[in-house]
Amino acid sequence: MAADPAITLRLPDGKPLPMPKGSTLLEVAKAIGARLAKDAIAAKLDGRIVDLSERVQSDAQVAILTPQSPEGLAVIRHSAAHVMASAVKQLFPGALVTIGPAVDDGVNGFYYDFDFDRGFTEEDVAKITARMEEIIRQDVPFARSEVSRDEAQARFAAQGESYKLELLEAIPAGEQVSLYQHGEFVDLCRGPHLPSTGRIPAFKLMSVAGAYWRGDSKRKMLARIYGNAFASKKDLEAHLSLLEEARRRDHRLLGKQLDLFSFSPSVGGGLVLWHPKGAQVRYLIEDFWRQTHFDYGYELVNTPHIGRAELWQTSGHLGFYKDNMYAPMEIEGNPFYLKPMNCPFHIEIYKSALRSYRDMPIRFAELGTVYRYEASGVLHGLMRVRGFTQDDAHIFCRPDQLDREIRRCLQHTFFLLRAFGFDKFDIYLSTRPEKFVGEPADWERAQEALRSAMQAEGLEFKIDPGEGVFYGPKIDIKIHDSLGRSWQCTTVQVDFNLPRRFEVEYVDQNNTRVQPFMVHRALLGSIERFFGVLLEHHAGRFPAWLAPVQAVVLPVTRDQQAYAQKVQAAFRAAGLRVQLDDRSEKLGFRIREAQLAKVPFMLVVGQREVEQGGVSPRAGGGEDLGFMSLDEAIGRLSREAARPARPVVEEV
RNA sequence: GCCCACAUAGCUCAGUCGGUAGAGCACUUCCUUGGUAAGGAAGAGGUAAUCGGUUCGAUUCCGAUUGUGGGCUCCA
């Protein structure tokens, strides 16, 4: 040992660790601590995630990965995918293996795709689970080997694994590839993997689905099995109960239970029917939205649902967006299209007058209802529909105003989203893609404006290089809901395409006509989807200012009916949405119904309340607030059901 | 759109190995007026998603269509 030349490894805390050259990472872990060595499942060597069996030959940065780290968890899940594939091959030798990575979509942690003609049934999944448990119990070691591509081809050809051969085709001849083997099962895989199958602490197969080979709808449909794996049984249980909670607050279920909206096969898929209570909430959202837009200096506009084909020709939508547009309808010989976007109309309003640099910025906002063709298979409740209302706006501004306008948009966005109860966000800046329109210099300028606006607002953001739309860079904001799931709502996009196509201009200080910057932005995204997200976020219990019914008056007996009507009228006069439930049912029954309807307040009035001229409110949570005078109760409910305060708009 | 699954009363579901269907809740009427999460009785309600086919006979088997769910792809 002493003869081995020493190397120095640098640990995450910055401490140096001298080790003999050629030590395995497991030995490194042991040198750090016995407990760490026991927990270790893989390691990070100069940023590269590798097996514990890998030998370190030179000085390097080293971190030992345990199941507690996201990377460690990914290794467990990837290994679980291999174990699943081996179980499938044992049970169904006719199934061909394809790929099986670790993923993290909030539900699943890994999958493996098989070419298996019969497809997998529930019973198959149960059998596969049992076989996987056996393989894990046997604690079979994962062994890595490196072979030439040609040798790998020969091996997979012998096994008839045609998909693996296809993957190998893409690798240059003569290159080394890595194989991972546990038991009989060998897979082409970069790795890394756990030391052995016994190191998978807890897993569950979640579902079976179809998936195209290489995600290409022209290629073969494969049978995919999804699963998830965790660092402990407890983590798995927690995950499953989170999924259970998500099912419980599924907006489609709540929409039915609370009588908010529905879909009808007679109307068509993806077309929402808003019931009175749902429409009430929607209008409250929209009213608040409008008020904030006035506060942030927008002017509201209103535009038609259809427009002539020429308009969409000019905008370019018939070129790049046609697949999402409905077939044209002919009106007196002219083709018209249902609008998939509002921009061309807002531009026409802009162009209805000659604009001066003094007029800028011009901010047009509209709750514009658009129709987009969506393949039937992707429709999903309110989250993915064919007709929806965008909270759309277009800002036309001078180059020197862009930065300021973006900051304003961001302030407006966060004000609005916070008002609805969201306070955690992921922000992304998407930059110029390979195919783009406009001048690179303008792109630079716009990207810089987006970046500096976010920095000025003190926002942390990630950059998605090359993920911008072809017409301009954009900022996307995802909100986190109460279950920790994230939803893309807000998008702020600079557009270099439409101003050019429509010859949008203003007259500058030098009396020359120049093209303004144009910004598209949707803050809530789509009202339909936002409503769905909001519904799930609050589990159907809207904040009192949005509740379709804010209180229900419950007379104890028929004798208080007249008084109850007076109470209802008094609350209504104060602007509260109050209903009266004087059906001949017992009080307990009516309380139960109001509770299930998630009404924030119940106003119980019996003989005592009549005599003393008050009410006894009960909060939606079940708390009896005790007797109070009518004025006191109206004051309290008015405060609790107050709309969020208006924003303080800073001029930046 | 593609793969798989599903579609029975307003809702949630049961049942029918091919012989035209049932429960609970909701609804209507009556009784009950009860102080903080389900009082009682009676009644009404179904062209079994739609359209074809096989069969003496189809809600049940087969096909198509529409819709829904889980995915793929795409996106607000």
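The structure displayed is predicted, hence computed values, not measured ones.

Some points on unusual backbone geometry
Phase 1 of the analysis: Residue P361 is reached from M360 by a cis peptide bond, and omega for that bond is -5 degrees.
Phase 2 of the analysis: Its place among the elements puts P361 in the loop between α12 (343-350) and β21 (362-371).
Phase 3 of the analysis: Here the phi dihedral of D259 falls at roughly 60 degrees; this positive angle occurs in a residue that is not glycine.
Phase 4 of the analysis: The residue D259 is located in the loop between α8 (251-257) and β15 (261-262) in this model.
Phase 5 of the analysis: What makes D259 partly exposed here is its relative accessible area of 39%.

Some remarks on the pattern of salt bridges
Phase 1 of the analysis: The final tally for this structure, using the stated rule, is 33 salt bridges.
Phase 2 of the analysis: R290 serves as the salt-bridge partner of E286, at 3.8 Å between the closest nitrogen and oxygen. Taken together, the residues span about one helical turn, with E286 and R290 both in helix α9 (residues 276-295) at a distance of 4 residues.
Phase 3 of the analysis: We classify E286 as buried; its relative accessible area is 5%.
Phase 4 of the analysis: Given a relative accessible area of 27%, R290 falls into the partly exposed group.
Phase 5 of the analysis: Each of R282, E286, D287, R290 and E528 takes part in salt bridges that share partners, so that together they form one network.

Looking at the pairing of strand β20 (residues 334-338)
Phase 1 of the analysis: As defined by bridge partners, strand β18 (residues 306-308) adjoins β20 across 3 bridges and the pair is classed as antiparallel. Bridge pairing in β20 links I306 to L338.
Phase 2 of the analysis: When strand β19 (residues 329-331) meets β20, the two strands line up antiparallel, connected through 3 bridges. From the neighbouring strand, I331 faces β20, where its bridge partner is N334.
Phase 3 of the analysis: If you look at the hairpin formed by β19 and β20, you'll find 2 residues sitting between the two strands, and E332 has a positive phi there, around 45 degrees.

Thoughts on empty space enclosed by the protein
Gaps left between atoms are located by rolling a probe of water-molecule size over the structure's atoms.
Phase 1 of the analysis: Overall, the coordinates contain 1 cavity of 30 Å³ or more when judged by the stated rule.
Phase 2 of the analysis: Volume-wise, the largest cavity comes out at about 50 Å³.
Phase 3 of the analysis: In this structure, the largest cavity is lined by H317, F320, M341, C343, Y471, D495, N497, L498 and H520.
Phase 4 of the analysis: In terms of residue class, the lining of the largest cavity is made up of 5 nonpolar, 3 polar and 1 charged.

Observations regarding the protein's contact with RNA strand B
Phase 1 of the analysis: What surrounds RNA strand B is a group of 51 residues, the closest being Y212, E374, R384, R558 and R592.
Phase 2 of the analysis: In RNA strand B, atoms within 4 Å of the protein come 46% from sugar and phosphate.
Phase 3 of the analysis: Within the side chain of Y226, a nitrogen or oxygen atom sits 2.9 Å from a sugar or linking oxygen of RNA strand B.
Phase 4 of the analysis: At 3.1 Å from a sugar or linking oxygen of RNA strand B is found a side-chain nitrogen or oxygen belonging to R529.
Phase 5 of the analysis: Looking at the surface near RNA strand B, the elements that each hand over two or more residues are β13 (202-212), β14 (221-230), α8, β29 (517-526), α18 (587-596), α19 (607-612) and β33 (614-619).
Phase 6 of the analysis: Residue contributions to the surface near RNA strand B peak at 7 residues, all from α18.

Thoughts on the packing of helix α3 (residues 70-91) against helix α4 (residues 122-138)
Phase 1 of the analysis: As a packed pair, α3 and α4 sit with axes 9 Å apart at the nearest point and diverge in direction by 115 degrees. In this structure, the crossing between α3 and α4 has a hand that is right-handed. Between α3, through A80, V83, M84, S86, A87, V88, Q90 and L91, and α4, the contact on the second element is made entirely by K127, I128, R131, M132, I135 and I136.
Phase 2 of the analysis: In terms of residue class, the contact of α3 with α4 is built from 10 nonpolar, 2 polar and 2 charged.

Quick notes on the nonpolar core
Phase 1 of the analysis: Residues F420 and I475 are the most contacted members of the largest nonpolar core, which totals 64 residues.
Phase 2 of the analysis: Looking at this core element by element, the count peaks at 9 residues for helix α13 (residues 402-419).
Phase 3 of the analysis: Aside from chain neighbours lying at most four places away, what touches I475 is I406, L410, I427, Y428, L429, L450, M454, T490, T491 and V492.
Phase 4 of the analysis: Listed in part, the 37 residues of the second largest apolar core include I41, A81, I135 and A229.

The rules behind these values
Residues numbered from 1 in each chain as written. Chains lettered and ligands numbered in written order. Predicted model: local features only at pLDDT ≥ 70, side-chain atom pairs only at ≥ 80, totals over all residues. Heavy atoms only, no water. Helix = DSSP H or I, 4+ residues; strand = E, 2+ residues; numbered from the N terminus. Buried < 20%, exposed > 50% of the residue type's maximum accessible area, 1.4 Å probe, protein only. Salt bridge = Lys/Arg side-chain N within 4 Å of Asp/Glu carboxyl O. Pairing = 2+ DSSP bridges. 1 Å grid on protein atoms, 1.4 Å probe; cavity = no way out; pocket = protein on both sides within 12 Å on 5 of 7 lines; lining within 4 Å. Points joined across faces, edges and corners; volume = space filled by probe spheres on them. Nonpolar A, V, L, I, M, F, W, Y, C, P; charged D, E, K, R; others polar. Near = heavy atom within 4 Å. Polar contact = N/O pair within 3.5 Å; in protein donor to acceptor, adjacent residues only side chain to side chain. Axes fitted to C-alpha atoms, helices over the stretch in contact; angles between N-to-C directions. Left-handed = near helix turned anticlockwise from the far one by under 90°. Contact = heavy atoms within 4.5 Å. Core = buried A, V, L, I, M, F, W, Y, C linked by side-chain atoms within 4.5 Å.

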